[in-house]
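Secondary and tertiary structure notes
Chain residues, written in single-letter form:
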Amino acid sequence: GAGNLDIRNNIMTNSSTFSTPIATKKAFAIVCIPATTIFTNIDYNDYYASGVDGILGFQTSNRTTMDDWRTATGKDANSMAWDPQYTTPTNLIPQSNSVNGKGMPITGITTDILGNPRSDAVANGPTDMGAYEFSGGTTTSMVHTINADGPYNFGYGGTIYGTIIITGYTAD
């Protein structure tokens with residue numbers, strides 16, 4: 001059986017929909033059938049399930065929120081459930097900076113999937129969740145739409161590159 005699983009710095013998404021609505025069909029971001037003791041470490045992950053069939057996770061029963069998942073597993077204290085905003089089902093580069101700097105450096109992993117530098121020690125700074133590093137020589141462009149009736153938190157501590165669209169604003 002499986003055991004000693006170390007699952008960190010991943011983005012797990014499921015946007016599946018079913019053509020025939022059946023109450024038992026669900027689209028889970030993560031499923032753990034055995035006891036959560038199979039994980040030596042599971043943290044710093046982004047779990048996102050969308051649509052009417054989307055459920056965050058399953059561990060003995062449906063887990064619809066991060067708090068519910070954490071209670072069921074006793075793990076994932078630093079994980080989150082944010083939409084990474086992939087542009088297509090085959091372009092898995094996050095367009096949301098919500099995963100930027102939210103990962104935990106892992107010794108020996110010094111580059112992302114494209115070969116861009118990635119922090120491998122806490123002393124060198126945070127790393128990103130997922131296969132792509134937002135910093136370390138890459139610039140990520142994105143479009144944000146902001147509703148002018150309240151504050152908006154980008155969740156990003158650096159320079160913003162891209163387009164910001166502000167709606168609902170009338171100049172005085």
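Look up: the structure comes first, before these words.
Attention here is on the structure that accompanies the text.

The rules behind each value
- Residues numbered from 1 in each chain as written.
- Predicted model: local features only at pLDDT ≥ 70, side-chain atom pairs only at ≥ 80, totals over all residues.
- Heavy atoms only, no water.
- Core = buried A, V, L, I, M, F, W, Y, C linked by side-chain atoms within 4.5 Å.
- Buried < 20%, exposed > 50% of the residue type's maximum accessible area, 1.4 Å probe, protein only.
- Contact = heavy atoms within 4.5 Å.
- Salt bridge = Lys/Arg side-chain N within 4 Å of Asp/Glu carboxyl O.
- Phe/Tyr/Trp six-rings, centres within 6.5 Å; stacked < 30°, edge-to-face > 60°.
- Helix = DSSP H or I, 4+ residues; strand = E, 2+ residues; numbered from the N terminus.

A separate point is the nonpolar core. Judged by nonpolar contacts, M12, A29, I30, C32, I38, F39, I42, Y47, A49, L56, M66 and W69 together constitute the single largest core of 12 residues. Ignoring anything within four residues of it in the chain, the contact list for F39 reads L5, I7, C32 and K75. Counting 6 residues, the second largest nonpolar core, distinct from the first, contains Y44, M80, V99 and M129.

Okay, the pattern of salt bridges next. Per the counting criterion, the structure on display carries 4 salt bridges. Between D68 and R63 there is a salt bridge whose closest N-O contact spans 3.1 Å. R63 gets classed as buried once you look at its relative accessible area, which sits at 13%.

For the rest of this paragraph, the subject is the packing of aromatic side chains. Enumeration according to the criterion identifies 2 aromatic pairs in this entry. Where F28 meets F58, the ring centres are 5.8 Å apart and the plane angle is 70°; that geometry is what we call edge-to-face. Of this pair, F28 sits in strand β3 (residues 27-31) while F58 sits in strand β6 (residues 54-58), placing them 30 residues apart in sequence.

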